[in-house]
Amino acid sequence: MGQAASGGLTQGDVDEVIAASKGVFNQAEIESLYKRFRALDRGHKGYISPEEFLSIPELSINPVAQRLVRCCECPNFTTFVKMVAPFSPRASREDKLVFMFTVYDVDGDGFISREDMSMMLKQLAGSSLSEEDRQDIISRVLAQAGGAERLDFPAFKSALSSADLGNMVVEIPVDL
């Protein structure tokens, strides 16, 4: 498949992964992500197991880490890049929102229901919120989003129209 660009990736592979990331990563960033992927894939299986995924320090301390693992269980390199792409400073607001919606849509039915919100609040707040407090927060969120009992993506997007997603960024270190 052509000449190797870096560490086992051909230029064609790099080009395919850049396209899969919607162009938010350049060649140097793809090569850096590949090195990180290979380091995480300790068994050189071509995918990252849930245990390997959770060995990422920044992820392991995230309260929704288990949910993120379930969203992309055992990703290969291309899937790994697609999962990281919404955190690029060059990712579109839409791509960031789609990623967030996917994480919050726990049952994968295309809607964020009361149950989905409750589960995510449990993961985010732990035992610091009672069930009554969680239900109160959920009712207020749904009321502010127009009163529906669940949110589809357009309603979710509308509800977050003024949200600052500027901190939803992970810088990819590259070797110079």
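The name an unreviewed UniProt entry gives the protein chain is EF-hand domain-containing protein, with Volvox africanus as the organism.

Observations concerning the environment of Ala155
With respect to the helices and strands, the residue Ala155 is situated in helix 10 (residues 153–159). Residue class for Ala155 comes out partly exposed when judged on its relative accessible area of 21%.

Points about the nonpolar core
By size, the foremost hydrophobic cluster in this structure holds 44 residues, and its most contacted members are Phe25, Ile30, Leu33, Phe77 and Phe80. Secondary-structure elements contributing two or more residues to this core are helix 1 (11–20), helix 2 (27–40), helix 5 (65–71), helix 6 (77–84), helix 7 (93–104), helix 8 (114–125), helix 9 (131–144) and helix 10. Discounting residues that sit within four places of it in the chain, Phe25 has contacts with Ile18, Ile30, Leu33, Val81, Val84, Ala85, Ser88, Arg90 and Ile172.

Quick notes on the packing of aromatic side chains
One pass over the full model with this rule turns up six aromatic pairs. With a centroid separation of 5.6 Å and 55° between ring planes, the pair formed by Phe37 and Phe80 is classed as tilted. One end of the pair, Phe37, is in helix 2; the other, Phe80, is in helix 6, and 43 residues separate them in sequence. Across this residue pair, the class does not change: Phe37 and Phe80 are buried. On the numbers, 5.4 Å between centres and 70° between planes, the contact of Phe101 with Phe156 is edge-to-face.

What to know about the pattern of salt bridges
A complete count under the given rule lists eight salt bridges for this structure. Of the charged contacts in the structure, one is a salt bridge between Lys22 and Asp95, with a shortest N-O distance of 3.0 Å. On the criterion of sequence distance, the pair formed by Lys22 in the loop between helix 1 and helix 2 and Asp95 in helix 7 is long-range, its members being 73 residues apart. Given the relative accessible area of 61%, Lys22 is considered exposed. Linked by salt bridges that have partners in common, Asp41, Lys45 and Glu52 make up one network.

Brief notes about helix 9
Across its 14 residues, helix 9 extends 20 Å between first and last C-alpha, which sits within 8% of the 20 Å expected from 1.5 Å per residue. Residues Arg134, Ile138 and Leu142 constitute the buried set of helix 9. Around the axis of helix 9, the buried residues are gathered within 65° of arc, so they sit on the same side. In helix 9, the exposed positions that point more than 90 degrees away from the buried face belong to Glu132, Ala143 and Gln144. Looking at the buried positions of helix 9, the neighbouring elements they touch are helix 8 and strand 4 (150–151). In the stretch just after helix 9, Gly146 is the one whose phi turns positive, near 110°.

Procedures and definitions
Residues numbered from 1 in each chain as written. Predicted model: local features only at pLDDT ≥ 70, side-chain atom pairs only at ≥ 80, totals over all residues. Heavy atoms only, no water. Helix = DSSP H or I, 4+ residues; strand = E, 2+ residues; numbered from the N terminus. Buried < 20%, exposed > 50% of the residue type's maximum accessible area, 1.4 Å probe, protein only. Core = buried A, V, L, I, M, F, W, Y, C linked by side-chain atoms within 4.5 Å. Contact = heavy atoms within 4.5 Å. Phe/Tyr/Trp six-rings, centres within 6.5 Å; stacked < 30°, edge-to-face > 60°. Salt bridge = Lys/Arg side-chain N within 4 Å of Asp/Glu carboxyl O. Expected span 1.5 Å × (residues − 1). Arc of directions from axis to C-beta.

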